[in-house]
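Chain by chain, the residues:
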Amino acid sequence: WASAFPFPQLIVGGYMTLTRGLNSPAGWVFASRVASFVVAGQINLRSPFSKAMGPIMHAPFYIVIPLCVQWLGTDAARADPNMASFITYTSVITSISLVLDGITAVKWNG
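Residues numbered from 1 in each chain as written. Predicted model: local features only at pLDDT ≥ 70, side-chain atom pairs only at ≥ 80, totals over all residues. Heavy atoms only, no water.

1. Regarding the overall build of the protein
Here is step 1 of the chain: Each helix and strand counted, the protein has 6 helices and 0 strands in total.
Here is step 2 of the chain: In sequence order, the protein lays out its α and β elements as α-α-α-α-α-α.
Here is step 3 of the chain: Against the globule reference of 13 Å for 110 residues, the protein gives a C-alpha radius of gyration of 14 Å, in line with a compact fold.
Here is step 4 of the chain: With the principal axes as the frame, the protein shows a C-alpha extent of 45 × 25 × 20 Å.
Here is step 5 of the chain: Counting only residues that meet the buried cut, the protein has 38% of its 110 residues in that class.
Here is step 6 of the chain: In the protein, once contacts between residues fewer than 6 apart in sequence are set aside, the share between residues at least 24 apart is 68%. (Helix = DSSP H or I, 4+ residues; strand = E, 2+ residues; numbered from the N terminus. Rg over C-alpha atoms; globule rule 2.2 N^0.38 Å. Buried < 20%, exposed > 50% of the residue type's maximum accessible area, 1.4 Å probe, protein only. Contact = heavy atoms within 4.5 Å.)

2. Quick look at the confidence of the model for the protein
Here is step 1 of the chain: Mean pLDDT over the protein works out to 85, with 90% of the residues at or above the 70 mark.
Here is step 2 of the chain: Averaged pLDDT values over the elements of the protein bottom out at 72 in helix α3 (residues 53-57) and peak at 93 in helix α5 (residues 75-79). (pLDDT = per-residue confidence, 0-100.)

3. With respect to the environment of A77
Here is step 1 of the chain: Relative to the elements of secondary structure, A77 occurs in helix α5.
Here is step 2 of the chain: With residues up to four places along the chain from it excluded, the contact list for A77 reads W71, L72 and A84.

4. With respect to the packing of helix α2 (residues 25-46) against helix α6 (residues 81-109)
Here is step 1 of the chain: Between α2 and α6, the shortest axis-to-axis distance is 10 Å and the interhelical angle comes to 40 degrees. Comparing the axis directions of α2 and α6 gives the class oblique. Our pair here, α2 against α6, has a crossing hand that is left-handed. Judged by residue contacts, P25, A26 and V29 of α2 engage M83, F86, I87 and T90 from α6.
Here is step 2 of the chain: Within the contact of α2 with α6, the residues separate by chemical class into 6 nonpolar, 1 polar and no charged. (Axes fitted to C-alpha atoms, helices over the stretch in contact; angles between N-to-C directions. Parallel < 35°, antiparallel > 145°, perpendicular 65-115°, else oblique. Left-handed = near helix turned anticlockwise from the far one by under 90°. Nonpolar A, V, L, I, M, F, W, Y, C, P; charged D, E, K, R; others polar.)

Now the structure itself:
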């Protein structure tokens, strides 16, 4: 799970960012994914295999996912079905991950 969903977001998001621009939903996902990898790397340097890594590294997605879901309701989403499919996939998979991160954070702190 840990590598099955971020790498498609990085690869497809990177391609769509190049073809559609950084100020697109794919650009938001790509930038968030890059930021999450940087954060994860910093956490791993200080505390290898920390249980806090998932909840902290996915923090940028708490902002991006609502923006992506909002974008899916626009005419732009209907005009670009490939982007809409990617954003739907990203929103669903990342939302599941955020819920699992919340459970981990509660267990870790409790």
